Every structure is written in structure tokens, then in C-alpha cells.
Amino acid sequence: MQSNQTSSTMEVEAIPPEAKPLPPKPKFEPLKPHEMSDGQVQFRKVNVPPHRYTPLKKAWMDIYTPIYEQMKIDVRMNLKARRVELKTRHDTPDISNLQKCADFVHAFMLGFDVIDAIALLRLDELYIESFEIKDVKTLRGDHLSRAIGRLSGKGGKTKFAIENASKTRIVIADTKIHILGSFANIKIARDSLCSLILGSPAGKVYSKLRAVTARLAERF
């Protein structure tokens, strides 16, 4: 009986025959952008509102040059449909460049300067947030006009102060407000603008901004 047990243990402890060596790992070349979409060309179309048509004509070369030469994206203006059309090329280095360029053109259509909007091509963590005054508070007539006046300030002083303190760019187009910046900075600017819409005096908003920016400076 004991000899049977020892034989079984010996069988368990027996060294298995050498396994066959695994084949070498395949080395695949990184896919090119046009290969990711099965060789299909990808498009983006950005509509041009009537009031931005003339500024677009004046700033066309400033918009065209970084998109075509740096981001390697084809761009053209469709005069009949009144929209800017973008598409990928075979030498486009990154597929995300197409969406970045579309965001850049869209930012210009919203009213941002080319110098500010071009940051969307350079940096990844930039966003545009849009809202209307009526989303914060329902105002009509003179009350609405005064709220827009409070947002801008005398000669745009209040708007510039919020932009500089929160490191964002703000466009006030009638009752619509567009903010360009990072996620945290957009929140600071939006809170200040909402306070102004709700009726807070500019001085109170400035002091709150100073406290928030000082806190941010300590954090970083």
C-alpha cells in the first residue's frame, strides 16, 4: 500500500517534458489616421452665421494657415452652402486634429478672436461653454438691457476684469454668453457672470473674484 502511494507521488513530481517555445510577438506598425476609419475620408462642416461672414473673409488666411500647414487638414469655404468644410488627408498625423480644427473654426464663428481660438489647436484641456441670460434669470425689456450692461461694464471693464482674473475669454453676443477656457476657470467666470445677472454690484463680484483667484494661486 505504501509503495503505491510513493509511486503516485513520484508520478506527480515527475518533470514535464520541455514545452515548445512560443512564437515571437507580432510587431504591428502604428495605424495611420486614414487607416483607422477603413481608409474613408472623414469630414466636419461648420456653418457660418450671417454676421460672421465678413470677419471670416478678412481673417481667412489666419484661419487657413494653421489648419492646413500645421494640423494637416484640408479646409475650404463652401460659398453656396455658407459653411466651412474640413476633411482629413493621407498625411494627417493624428485623427483628433480634425475635431480640434472644427472646434477652432466654431469658436471663431461664436465671436472669439483668431488669437484666442487658436489655443484650441495647441492645448487639449480647453472647452467652450455657452449659456443664455434667461437660463439664469428671466429678464425682459430694460431689466435685460441693464443685466447686459452689468456684464460688460463701462467700456468692457467688468468683462476684461473677469477674463484676466479667471484666465478665460468671454464673448457676450446679445443675450448669449460664450466662455473659452479650462474646466475650473470656466466655472469661476460663470459664477461671476451669474452673480452679475442676478443683480450683484460689480464691486462685490470683484472682491469675490480676488478671493477665489488667491485661493487658486495658493493651490498651484
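For the structure, check the block above.
Now for a description of the structure that goes with this document. Only a predicted model underlies this, so the values are computations on that prediction, with no experimental measurement involved. (Residues numbered from 1 in each chain as written. Predicted model: local features only at pLDDT ≥ 70, side-chain atom pairs only at ≥ 80, totals over all residues. Heavy atoms only, no water.)

## Remarks on the side chain of K159
Short version of the rule: In this description a helix means any DSSP run of H or I spanning at least four residues, a strand means any run of E spanning at least two, and both kinds are numbered starting from the N terminus. Between N or O atoms, a polar contact is any pair within 3.5 Å; within protein, one atom must be a potential hydrogen donor and the other a potential acceptor, and residues adjacent in sequence are included only when both atoms are from side chains. Whether two residues are in contact is decided by their heavy atoms, any of which lying within 4.5 Å being enough.
Summarising the element assignment, K159 is placed in helix α10 (residues 157–166). There is a polar contact of 3.1 Å between the side chain of K159 and the backbone oxygen of I170. Excluding its chain neighbours within four sequence positions, the residues that come into contact with K159 are L151, S152, I170 and I172.

## Thoughts on the pairing of strand β5 (residues 169–173)
Keep this limit in mind: By this definition, two strands are paired if DSSP reports at least two bridges between them.
Where β5 and strand β6 (residues 176–181) come together, five bridges link them in antiparallel fashion. Among the inter-strand pairings, A173 is bridged to a residue of β6, identified as K176. Adjacent in sequence and paired antiparallel, β5 and β6 are bridged by two residues, among which D174 carries a positive phi angle near 60°.

## Brief notes about the sheet that holds strand β2 (residues 73–78)
The following threshold applies: Only the contacting stretch of a helix is used when fitting its axis, a line to C-alpha atoms as for every element, and angles between N-to-C directions run 0 to 180 degrees.
An order of β1-β3-β2 is seen for the three strands of this open sheet, with the pairing classed as antiparallel. With one partner strand each, in any of the chains shown, β1 (43–47) and β2 form the two edges of the open sheet. Within this sheet the neighbouring strands show an average axis-to-axis angle of 20°, counted without direction. Pairing analysis gives six bridges linking β2 to strand β3 (residues 83–88), with the strands arranged antiparallel. Opposite R76, over in β3, you have E85 as the bridge partner. The sheet strands contacting helix α4 (residues 60–70) are β2 and β3, and the helix crosses β2 at an angle near 150°. Strand contacts of helix α5 (residues 97–110): β1, β2 and β3, with the helix running at about 5° to β1, the strand carrying the most contacts.

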